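# Summary of structural features
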Amino acid sequence: MTTEHAHVEEHNHPGPRQYVIIGAILAVITLIEFGVFYLSIDPALMTWIILILSSSKFLLVVGYFMHLKFDDVRFSGLFFAPFLIMVSIAVVLMALFFNLTR
Amino acid sequence: MQYLSGIDDHRTSTGLDNRKMLMWAFLGSDVMFFGTLIGTHLIYRNRNLSGPQEEILSIPITTISTFVLLMSSLAMVLALAGIQRGNMGQFRFWTAIVCIFGSIFIGFQMFEFTEFAAHYGLTPRTNLFGSTFLVMTGFHGTHVAVGILWLWSILFASYKGKIHQGNSLQVEIAGLYWHFVDIVWIVIFGVVYLIGAYGAEGRALEDAHHAARAVGIG
Amino acid sequence: MAANIGILKRPVSTDGVWGWITTVDHKRIGILYGVSAFIFFLVGGIEALLMRVQLAQPDSTFVDAGTFNALFTMHGTTMVFMVVMPAGAAFFNFLVPLMIGARDVAFPRLNALSYWLFIFGAILMNFSFFKAAFPDVGWFGYAPLTTSEYTLSSSTDYWVLGLQIMGVGTTAAGFNFVITILNMRAPGMTLMRMPLFPWMTLIVSFLIIFAFPPLTIALTLLLFDRFFGTNFFDTAGAGADPLLWQHLFWIFGHPEVYILILPAMGIVSDVLPTFSRKPLFGYTTVVFAGAVIAFLGFGVWAHHMFTTGLGAWATAAFAGATMAIGVPTGVKVFNWLATLWGGSIQFKTPLLFALGFISMFMLGGLSGVMHAAVPVDTQQQDTYFIVAHFHYVLFGGSIFGLTAGIYYWFPKMTGRMLSERIGKWHFWLMFIGFNATFMPMHILGVLGMPRRVYTYSVDQNWAGLNLFVSVGAFIIAVSILLLIINIVRSARKGEAAGMNPWAGATLEWAIPSPPPHYNFAVIPTVRSQHPLWDEEANAVEPPPLPAHGEPHMPDPSYWPIVVAFGITMVAGGLLIWQANTWLGLFVIAVSGFIGMRGIYGWVFEPVAEESAERVHAHH
């Protein structure tokens, strides 16, 4: 049964210790984001820094807290396929609405 | 084709559990849901500059509420680790923490909304920013509230013996939902709050377009 | 799971009206979907006929302009959301579990909820007729036209809320079929051994769960604008963008087009091999083409908006993507033709409709590629040429394909054959009537007749063709009458069908007609794409029931209809709220409580025995 399947896999699952470490990393990244907000830098550079930092938080939560890194690859497909479609649609919409396509 | 006896017709073709797969499919669908909301907010940015805009967003306060929500996610995995190992005490403690932290987050949001209304006169009717921002974050808050209700129900059911190590999958599925609500907030905090409010004071429309052009997405 | 904390005991009887209301059997839900869709097909058809009477002559006063707006709005909304989609769902429900060798769908009660949400949403929308008037804003409901600034009538509120509820039901069904097809296949039924119909159902279900959320958001934003005074579509006061709705609607709307056509493609891909006595040509290619169509379908929405001035680059990109989507579609058409090539073809009614599908859909596809060329599209925008195009794909495509499915699987559903003689009359009348109705619309469009006009004058020289079109529409109506006669007669005294009347290759033909409620006495083990052709010796008789008796199926349940009722009445409360605040709030609170109570009752509903849905909880 599926539950037995899960028990077998549990050996390479992270345990509470790793979870706390991930949680600490997430907190630190949030703190860095907070700091970056008060720097006076080029808005484009700032945008990219935040995008990278937020994406790494996103991936840490999805990969470790949601177990996607250790789970069946088909779950990743169910989640990331619409994610990529949505990001593409949003980027195209922004390009259209900010008149970048004329 | 043949008919073999003793086939376990409850085994799934992929070996994956139906309900867990349902949750992942639902989350995939919810990505489109929140993606459309966030996208609508972004394409309406700086479209009409009358009334309060992103400069009213409080980054220090929201950083704290973001931290609370992130820590609730940590509590959620600890609760799941507890029940998977049969440690009901650990499971109940951390589940209660998730619900409490989630409620604190909702409290921050209610504070934010009432502050906006009281100090800046910002309601969903005020301007485009009010409509897109409050509806988007309001839907996120509703998702958090649903998650809290769900986890309280699970906690309650565990005292009635309906949730135990044998069906920890119920907790895992609720946890997936909770973490998803968390990552939606990670995106909103990064894109809407930090990038949105960066240098917002006195920024002209031209600057926003310039930034959008420079990074290619806005 | 002994304690019953629900107020209602879990029902066990499957008899009578209550048996249908509480049913979780995929076959019964399929029949409910099918009957509902057919009733709405007649409603939508009558709306079309009324429009055609009005347009048959110039300067006609049969209906006024407002009524005409309501007619084309409800005709479009009905045909898309209450006919073609639920008709597809009828086939998904009845056939997909049979074709993949399952006893039911993955979540039987969720399946019932989908149906009740669909029918309640449809009833709510049509209920506007009694309270206000029919919605009259077009099936696409373009904002800002639909904001309260321009459309005061509450009929638009009914349209928004009805569509929202149907959408929730459809999305729930989408989840159900994704999981069912991925997880509930019989042993040996690998994805690449699945018949084409379940394959297309899988792709459609993915499209549903990923394309409906943008519509849900668009409708929600519009709802908030209309009820709570937000500014999403307030172009005059708040500076909202008049194109926002169009973008959100077509981000949903274009995948929706494939949601409407892919089930028909699946049906035809399974009908053709049966009646040519040879396997589908290029099976892998047909599957892959379906997936590519679905994927590209998310990237072409702006071709509905070429004339809004998107800018040269955007227009060029969307035109290119639109043309690209013609390629996998063409691949499918060639595969169907190659399936027929050299087969020993039996011209039974299902095959006639399948051939009608291929030829008519191809014409619609070709005029579709014409619109992909932007200068041509600019000429054709909002003319009858467009009306002709999408009726060739939706009627010539979807309806012909679904009708092929009715003739093909009616014997499986009822145990009786439909009359071949009436069937052939039906086909030829529908084929002739269809072309008489929609072919001249191409010419009318090129002559400049705009869509949605309620009348025209004599000196515009459109009268002759319009009269011809109206006569054609009534020929279609006669053909539908023949279908009704055929179904009613055959259901009672049609020839007995037996297990496999068409000598089909797929699993649904390996069990009795109509199938027993547990479908398969013993779950089959599949070893090829055509289990009944490759090993026919094994498939003459279904195996007897195993010694321990009938397989246990999920018990019926009250909760799906309770939850659906709660959700629908929350929407009803919103509508009342506009007229009477406190009564509205009261209704919302009570029905919200009913809905929540229903969800808790559902979650903690006891099961007497293990069911497919619950089994994992016990391990």
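Quick caveat, the model's predicted, so the values are computed rather than measured.

Within chain B, the secondary structure is distributed over 6 helices and 0 strands. Listing the helices and strands of chain B from first to last along the sequence gives α-α-α-α-α-α. Summed over all atoms, the accessible surface of chain B reaches about 7,600 Å², with 63% contributed by carbon and sulfur.

What follows covers a nonpolar patch on the surface. Residues and elements named next belong to chain C. A cluster of nonpolar side chains, namely W20, I31, V35, I39 and V43, defines an oily patch on the protein surface of about 380 Å² accessible area. Looking at the nonpolar patch element by element, the count peaks at 4 residues for helix 2 (residues 26-55). Its place among the elements puts I39 in helix 2.

Bringing the side chain of S513 of chain C into the picture now. All names here are of chain C. Mapping S513 onto the fold places it in the loop between helix 15 (463-493) and helix 16 (531-534). Look at S513 and you get buried, because its relative accessible area is 17%. A polar atom in the side chain of S513 sits 2.9 Å from the side chain of K412. Within the local environment of S513, its side chain forms a polar contact with the backbone oxygen of G498, the two atoms lying 2.8 Å apart. Beyond its immediate chain neighbours, meaning those up to four positions away, S513 contacts P411, K412, G415, G498 and M499.

With that settled, the discussion passes to the interface of chain B and chain A. Counting residues at the interface gives 59 residues for chain B and 53 residues for chain A. In this structure, D71 of chain A and K20 of chain B form a salt bridge, with 2.6 Å as the shortest nitrogen-oxygen distance. At the junction of chain B and chain A, the tally comes to 4 residue pairs in polar contact (both at pLDDT 80 or more). Elements with a minimum of two residues in the side of chain B that touches chain A: helix 1 (18-43), helix 2 (59-84), helix 5 (169-197) and helix 6 (205-215) of chain B. With 15 residues, helix 5 of chain B is the single largest residue contributor to the side of chain B that touches chain A.

Take the side chain of S60 of chain C next. Relative to the helices and strands, S60 of chain C is located in the loop between helix 2 and helix 3 (65-100). Once you skip the residues sitting within four places of it in the chain, S60 of chain C turns out to touch V53, Q54 and T455 of chain C.

Moving on: the confidence of the model for chain C. Residues and elements named next belong to chain C. Predicted confidence across chain C gives a mean pLDDT of 92, with 96% of residues reaching 70 or more. Note on residues 1-6: pLDDT is under 50 here. Beyond four places in sequence and across chains, it has 11 contacts. Taken together, the stretch residues 609-619 has pLDDT below 50 and engages in 38 contacts with residues farther than four places along the chain or on a different chain.

Our next topic: empty space enclosed by the protein. Residues and elements named next belong to chain C. Per the counting criterion, the structure on display carries 8 cavities of 30 Å³ or more. Lining the largest cavity are 27 residues, with M85, P86, A89, T170 and I208 sitting closest to its centre. Those elements that place two or more of their residues in the lining of the largest cavity are helix 3, helix 4 (108-131), helix 5 (155-183), helix 6 (196-228) and helix 8 (244-276). Along the lines of polarity and charge, the residues of the lining of the largest cavity split into 19 nonpolar, 8 polar and no charged. For the lining of the second largest cavity, the leading source of residues is helix 8, giving 4 residues.

Further remarks concern the packing of aromatic side chains. Residues and elements named next belong to chain B. As enumerated under the stated definition, the model contains 81 aromatic pairs over all chains in all. Measuring from centroid to centroid gives 4.9 Å for F105 and W185, while their planes differ by 80°, and the two rings are edge-to-face. Pair noted here: F105 is in helix 3 (residues 88-120) and W185 is in helix 5, with a separation of 80 residues, a long-range link. With respect to class, F105 is no different from W185; both count as buried.

This part takes up helix 5 of chain C. The end-to-end C-alpha distance of helix 5 of chain C is 42 Å, a good match for the 42 Å that 29 residues give at a rise of 1.5 Å each. Counting buried positions along helix 5 of chain C gives 28 out of 29 residues, so the element sits mostly inside the fold.

The next subject is unusual backbone geometry. Residue and element names in this part refer to chain C. Residue P144 is reached from A143 by a cis peptide bond, and omega for that bond is 10°. For P144, the position within the fold is in the loop between helix 4 and helix 5. A cis amide bond links S513 with the next residue in sequence, P514, at an omega value of -15°. Topologically, P514 is positioned in the loop between helix 15 and helix 16. Positive phi, normally seen in glycine, also occurs at D59, with a value near 50°. Locating D59 in the fold gives a position in the loop between helix 2 and helix 3. Positive phi values are uncommon outside glycine, yet R277 reaches one of about 55°. Secondary-structure assignment places R277 in the loop between helix 8 and helix 9 (283-296).

Ranked by internal contacts, the top residues of the largest apolar core, which has 296 residues, are F79 of chain A together with F357 of chain C. The residues contacting F357 of chain C, other than those within four sequence positions of it, are I261, A264, M265, V268, W336, M362, G396, G397, F400 and G401 of chain C.

Quick look at the environment of S29 of chain B now. In this structure, S29 of chain B sits in helix 1. Each C-alpha atom, one on S29 of chain B and one on K160 of chain B, is 33 Å from the other, the two residues being 131 residues apart in sequence. Among all residues touching S29 of chain B, those that are not within four sequence positions of it are T171, F175, I209, F210 and P213 of chain C.

So, about the packing of helix 2 of chain C against helix 4 of chain C. Any two packed helices are characterised by the angle at which their axes cross and by the distance between the axes. Residue and element names in this part refer to chain C. Close contact between helix 2 and helix 4 brings their axes to 10 Å; oriented N to C, the two are set at 15°. When the axis of helix 2 is compared with that of helix 4, the two are roughly parallel. Helix 2 and helix 4 meet at a crossing whose hand is left-handed. Where helix 2 abuts helix 4, its residues H26, I29, L32, Y33, S36 and F40 lie against P108, N111, A112, S114, Y115, F118, I119, A122 and N126.

Let us now look at the domain arrangement of chain C. All names here are of chain C. What the domain assignment lists for chain C is domain 1 (25-539) and domain 2 (562-619). Taking only C-alpha atoms, the centre of domain 1 and the centre of domain 2 are 30 Å apart. Note on domain 1 versus domain 2: buried area summed over both sides is about 1,600 Å², and carbon and sulfur give 75% of it. Taken as a group, R109, F120 and F227 account for 38% of the area that domain 1 buries against domain 2, more than any other trio of residues on that side. Linking domain 1 with domain 2 are 1 salt bridge. Of the charged contacts in the structure, one is a salt bridge between R109 and E605, with a shortest N-O distance of 2.6 Å. Connecting domain 1 to domain 2 are 3 residue pairs in polar contact (both at pLDDT 80 or more).

According to the stated counting rule, one finds 12 salt bridges over all chains in the structure shown. D17 of chain B is the salt-bridge partner of R19 of chain B, the closest N and O atoms lying 3.6 Å from each other. Exposure remark for R19 of chain B: the relative accessible area of 16% places this residue in the buried category. Residue classification places D17 of chain B among the buried positions, given a relative accessible area of 5%. Each of D71 of chain A together with K20 and E172 of chain B takes part in a single network of salt bridges with overlapping partners.

Residue and element names in this part refer to chain C. As a packed pair, helix 3 and helix 8 sit with axes 11 Å apart at the nearest point and diverge in direction by 45°. Between helix 3 and helix 8, the interaxial angle falls into the category oblique. Both helix 3 and helix 8 take part in a crossing whose hand is left-handed. Facing helix 3, whose interface residues are V80, F81, V84, M85, F91, F92 and M99, helix 8 presents F252, E256, I259, L260, P263, I267 and D270. Considered class by class, the residues forming the contact of helix 3 with helix 8 number 12 nonpolar, no polar and 2 charged.

So, how was this worked out
Residues numbered from 1 in each chain as written. Chains lettered and ligands numbered in written order. Predicted model: local features only at pLDDT ≥ 70, side-chain atom pairs only at ≥ 80, totals over all residues. Heavy atoms only, no water. Helix = DSSP H or I, 4+ residues; strand = E, 2+ residues; numbered from the N terminus. Areas by Shrake-Rupley, 256 points an atom, 1.4 Å probe, with all protein chains shown as cover. Patch = residues over 30% accessible without salt bridge, like charges linked within 9 Å, V, L, I, M, F, W, Y side chains within 5 Å. Salt bridge = Lys/Arg side-chain N within 4 Å of Asp/Glu carboxyl O. Buried < 20%, exposed > 50% of the residue type's maximum accessible area, 1.4 Å probe, protein only. Polar contact = N/O pair within 3.5 Å; in protein donor to acceptor, adjacent residues only side chain to side chain. Contact = heavy atoms within 4.5 Å. pLDDT = per-residue confidence, 0-100. 1 Å grid on protein atoms, 1.4 Å probe; cavity = no way out; pocket = protein on both sides within 12 Å on 5 of 7 lines; lining within 4 Å. Points joined across faces, edges and corners; volume = space filled by probe spheres on them. Nonpolar A, V, L, I, M, F, W, Y, C, P; charged D, E, K, R; others polar. Phe/Tyr/Trp six-rings, centres within 6.5 Å; stacked < 30°, edge-to-face > 60°. Expected span 1.5 Å × (residues − 1). Core = buried A, V, L, I, M, F, W, Y, C linked by side-chain atoms within 4.5 Å. Axes fitted to C-alpha atoms, helices over the stretch in contact; angles between N-to-C directions. Parallel < 35°, antiparallel > 145°, perpendicular 65-115°, else oblique. Left-handed = near helix turned anticlockwise from the far one by under 90°. Domains from an automatic or database assignment. Buried area = accessible area lost by both parts, 1.4 Å probe.

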